[in-house]
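Listed below, chain by chain, are the residues.
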Amino acid sequence: MDNRAEQLAFTEEKFKAISTGRRAMIEKLEIITDRYTEIATLLDRFNLLRDHYVSDYERLLGIREAGNFFRFSNSRFARHAVLCPTITIPVWFATAMSR
């Protein structure tokens, strides 16, 4: 009977050790999963931000191209400056002169 009691105690100790190890592994898994979710969310935000920056950059290139077009238009255009309401600096544009 003492042998069975010792076996039972030994089995209970093994079970507690395994259970404790399992609990620690589950906690580590939760930490890793939370970190993975955080990183995935940040990557989604960065990708969205990149898309906005690309869109803004393309818009600025278009504005620059339009400005160059008006700046270097031929002499049959009259040039006029208008105060830009957004950035309050003169903006040149060309209109066709009537003949």
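Residues numbered from 1 in each chain as written. Predicted model: local features only at pLDDT ≥ 70, side-chain atom pairs only at ≥ 80, totals over all residues. Heavy atoms only, no water.

Time to look at the overall build of the protein chain. When helices and strands are tallied, the protein chain shows one helix and two strands. Order of helices (α) and strands (β) in the protein chain, N terminus to C terminus: α-β-β. Relative to its 99 residues, the protein chain shows a buried fraction of 3%. Accessible surface for the protein chain amounts to roughly 9500 Å². Of this, 62% is attributable to carbon and sulfur atoms. (Helix = DSSP H or I, 4+ residues; strand = E, 2+ residues; numbered from the N terminus. Buried < 20%, exposed > 50% of the residue type's maximum accessible area, 1.4 Å probe, protein only. Areas by Shrake-Rupley, 256 points an atom, 1.4 Å probe, with all protein chains shown as cover.)

It is worth spelling out a nonpolar patch on the surface at this point. Among the surface-exposed residues, Ile39, Leu42, Leu43, Phe46, Leu49 and Tyr53 lie close enough to one another that they form a single nonpolar patch of about 570 Å² accessible area. Mapped onto the elements of the fold, Leu43 is located in helix α1 (residues 2-71). (Patch = residues over 30% accessible without salt bridge, like charges linked within 9 Å, V, L, I, M, F, W, Y side chains within 5 Å. Salt bridge = Lys/Arg side-chain N within 4 Å of Asp/Glu carboxyl O.)

On average, residues of the protein chain carry a pLDDT of 80, and 68% of them reach 70 or more. When mean pLDDT is compared element by element in the protein chain, α1 scores highest at 91, while strand β2 (residues 90-96) scores lowest at 51. (pLDDT = per-residue confidence, 0-100.)

The next thing to look at is the pattern of salt bridges. Applying the stated criterion across every chain yields a total of three salt bridges. One salt bridge in this structure joins Arg35 and Glu38, with 3.4 Å as the shortest N-O distance. Taken together, the residues Arg35 and Glu38, both in helix α1 and three residues apart, mark about one turn of the helix. Residue class for Arg35 comes out partly exposed when judged on its relative accessible area of 45%. Across the pair Asp51 and Arg50 runs a salt bridge, and its minimum N-O distance is 3.6 Å. What makes Asp51 partly exposed here is its relative accessible area of 43%.

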